[in-house]
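# What the coordinates show
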Amino acid sequence: MIKTYIKKLSVLTVILITLGSCDLERLESAQEVADGGGTLDTYTAYTIDSTDPTGSNVNGRIVFWKTDLDQTLVQISLFNTVEGLLHPAILVGGAAGIGTTTMMAIDDVDGSTGELSTNKFFLIADTSFYDALVALDAHVSVSLSPEDDTIVALGNIGANAEPVAMN
């Protein structure tokens, strides 16, 4: 009986040593930019404030990035979004509370992450958009959901607000 016990214990020890000595390959992340990839270093950021009458306090920032191809990438980061909902974001002509004409739909913000749902950035291909941003009479509007157009957050941009950060 002791010999059987010792044999089983020996087999178990060999298995544990074999499994424990397996080296897991650790891959290092590639931190370099691909050839022609460029970098994003020119940006202008504005605040998005809560306007939600139910008090969810959705707020955050919208950042406009200028690419090496003179295109504009838009990034939105929001706090206190509603998990499971998509919050449509649009650019509206005029200052917040005054303008009502939609200039362009940006993308939906995923309520689970507070960021754009499709891609990290929304692309504006108009090569003059970023350079004209400071004079743009507009604001960003964020709705509760595609089915409920209750505005939960607004933020003036361009001529209607001072950027909170830029370079």
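The following refers to the structure shown. (Residues numbered from 1 in each chain as written. Predicted model: local features only at pLDDT ≥ 70, side-chain atom pairs only at ≥ 80, totals over all residues. Heavy atoms only, no water.)

## Concerning the pairing of strand β8 (residues 151-158)
Test applied: Burial classes follow relative accessibility: with a 1.4 Å probe on protein chains only, a residue under 20% of its type's maximum area counts as buried, one over 50% as exposed, and anything between as partly exposed. Helix numbers and strand numbers start at the N terminus; a helix is a DSSP run of H or I with at least 4 residues, a strand a run of E with at least 2. Strand pairing is defined by DSSP finding a minimum of two bridges between the two strands.
Of all eight residues making up β8, six are buried, and the element is well covered by its neighbours. Bridging between strand β1 (residues 42-50) and β8 involves two bridges; their strand directions are antiparallel. Paired with D49 across the two strands is L154, which belongs to β8. Both strand β7 (residues 137-143) and β8 contribute to a ladder of seven bridges, which runs antiparallel.

## Description of the pattern of salt bridges
As a reminder of what qualifies: A pairing counts as a salt bridge when a side-chain nitrogen of Lys or Arg comes within 4 Å of a carboxyl oxygen of Asp or Glu.
Tallied over the full model, the rule gives two salt bridges. A salt bridge links K66 to D70, with the shortest nitrogen-to-oxygen separation between them at 3.6 Å. For D70, a relative accessible area of 34% translates into the label partly exposed. Two residues, D131 and K66, come together in a salt bridge whose shortest N-O distance is 3.0 Å. Linking D131 in helix α2 (residues 129-132) with K66 in strand β2 (residues 59-66), this pair joins segments that are 65 residues apart in sequence. On the accessibility criterion, D131 (51% relative accessible area) is exposed. Among the charged side chains, a salt-bridge network with shared partners connects K66, D70 and D131.

## What about the environment of N156?
Basically, it comes down to this: Whether two residues are in contact is decided by their heavy atoms, any of which lying within 4.5 Å being enough. Within 3.5 Å is the distance limit for a polar contact, defined as a pair of N or O atoms, with the added protein rule that one can donate a hydrogen and the other accept it, and that residues adjacent in sequence qualify only through two side-chain atoms.
If you trace the backbone, N156 turns up in strand β8. A relative accessible area of 23% places N156 in the partly exposed class. Separated by 108 residues in the primary sequence, N156 and I48 place their C-alpha atoms 7.5 Å from one another. Excluding its chain neighbours within four sequence positions, the residues that come into contact with N156 are Y46, T47, A95, A96, A138, H139 and A161. Here A96 takes part through its backbone nitrogen, which lies 2.7 Å from a polar atom of the side chain of N156.

## Observations regarding the environment of A138
Residue position: A138 is located in strand β7. Taking the C-alpha atoms as reference, A138 lies 9.7 Å from T100; in sequence the two are 38 residues apart. Excluding residues within four positions of it along the chain, A138 makes contact with V92, G93, G94, M103, N156, I157 and N160.

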